[in-house]
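Breakdown of the fold
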Amino acid sequence: MTAGSDSAVPGNGTRYTDSPAFTTPVANAHRAALRSIARVVEDSAPPQPAQEARAGILEMMGSLRVLVVTGAGVSTDSGIPDYRGPQGSLHRHRPMTYQEFQHDAGARHRYWARSYVGWRHMDQAAPNMAHRILADWQRRGLLSGLVTQNVDGLHAQANREVGVASPLIPLHGDLGTVVCLACGNREDRRHLDSRLEEANPGYAEEAIHAAENVNPDGDVSLDDSWVQRFHMVACLVCGSTRLKPDVVYFGESVPPERKAAVDELIDASTGLLVVGSSMAVMSGFRIALHMRRAGRPIGVINGGPSRADAKADWRWRTRIAPALQDLDAALA
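Residues numbered from 1 in each chain as written. Predicted model: local features only at pLDDT ≥ 70, side-chain atom pairs only at ≥ 80, totals over all residues. Heavy atoms only, no water.

Quick look at the state of the cysteines
So the rule is basically this: The disulfide criterion is simple: two cysteine sulfur atoms within 2.5 Å. Categorising residues by exposure relies on relative accessible area from a 1.4 Å probe, with only protein chains included: less than 20% of the type maximum marks a residue as buried, more than 50% marks it as exposed, and the intermediate range marks it as partly exposed.
For the structure on display, the rule yields zero disulfides. In this structure Cys180 is a free cysteine whose sulfur lies 3.6 Å from that of Cys238, the closest cysteine sulfur available. Judged by relative accessible area, Cys180 falls into the buried class, the value being 3%. Looking at Cys238, the relative accessible area reads 39%, which means it is partly exposed.

Remarks on the UniProt feature "active site" (unreviewed entry) in the protein
To be explicit about the condition: UniProt positions are given in the numbering used here, feature names are shortened, and annotations may be inferred rather than shown by experiment. Only DSSP runs of H or I reaching four residues or more are called helices, and only runs of E reaching two or more are called strands; each is numbered from the N terminus.
Here, UniProt's "active site" (unreviewed entry) annotation points to His172. Positionally, His172 belongs in the loop between β5 (168–170) and β6 (173–180). With a relative accessible area of 0%, His172 lands in the buried category.

Structural notes on the sheet that holds β5
Spelled out, the test is: Here, strands pair whenever DSSP counts at least two bridges between them. A fitted line through C-alpha atoms serves as each axis, taken over the contacting stretch for helices, and the angle formed by two N-to-C directions is quoted from 0 to 180°. What makes two residues a contact is simply this: any of their non-hydrogen atoms within 4.5 Å.
Read from one edge to the other, the open sheet built from six strands follows the order β5-β4-β2-β9-β10-β11, with strand pairing classed as parallel. Two strands close off the open sheet at either side, each with one partner strand: β5 and β11 (314–317). Each strand of the sheet is rotated relative to its neighbour by a mean of 15°, with strand direction disregarded. With five bridges connecting them, strand β2 (residues 66–70) and strand β4 (residues 143–148) associate as parallel partners. In the strand pairing of β4, Val66 is matched with Leu143. Sheet contacts for helix α12 (residues 320–331): β9 (271–275), β10 (298–302) and β11; angle to β10, the most-contacted strand, approximately 130°.

Brief notes about the nonpolar core
Formally: Residues belong to a common nonpolar core when they are buried Ala, Val, Leu, Ile, Met, Phe, Trp, Tyr or Cys residues joined through side-chain atoms within 4.5 Å.
Counting residues in hydrophobic clusters, the biggest one holds 34 residues, and the most contacted among them are Trp112, Tyr203, Phe230 and Leu243. Looking at which element gives the most residues to this core, the answer is helix α4 (residues 105–124), with eight residues. Ignoring sequence-local partners within four residues, the contact set of Tyr203 consists of Ala113, Tyr116, Val117, Leu222, Trp226, Val227, Arg229 and Phe230. In terms of nonpolar packing, the next biggest core, distinct from the first, is built from 24 residues, Val74, Ala130, Leu142 and Ile301 among them.

So this is what it looks like as structure tokens:
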């Protein structure tokens, strides 16, 4: 959902919440973001037998106006780790909050050094079978739309491959675009990457050998000595180095126009299918809450517990791609 990871305490030993740049409201928002990151999703309702859950989801899919919400579990087969699964990235790092990124220049620099190295892994990732099946369902008119909490752009790529024009909403943005926090200028990430390469010749090729743990947000873990060697470039319009991937960080709100687009899809849908998501953050979970209040059926396909389980009519605890292939064969 977010971009950038960090430890709880930066390298100089000063806690972010003690920084002069962190006013009380900012510090409080930062702490709230940390609580969201740390949320543990536990079993709230037992999964059903596979055939029972499968049958219920197939019946719901017959309405032809089902909204799909996806999470990191859809992209794991593309080589992108998830957050809260057994091998999830939260076991070894925590994402940087919006407050850290916006108010701490050292944190921003640290992110871009790590992201410059990790971006190559993200940029080479390709849609997997799960992305392609969901794109084909959109092409066939089986869905009212798709909302993804992922920032990897793989749903959009899969949709382009099959020529889909159906609604696709990247709820938390896309790593493929960078925005300047000072003037609002937007830049394609590949173009920025070319400028970073010019400013840091040979850096990525050398640093990748010292890097650890490519994270869902496209960055890696790097020793501070590598961070200090990195040179950041500036905005092409205003010259500021306050550049940020155009994604929603923990502690940052989803843009109002994106929320409104999601609400329109909710109103137009007869049911909800959650695929590969723990629904740990409220921006995604609220979709399930809206659907439940409207009395519409909810199905969940996930490898582990989901926050939406207690709201769901059908809970299929299984691997994502094989489950979607099974459903796809039945819907053919």
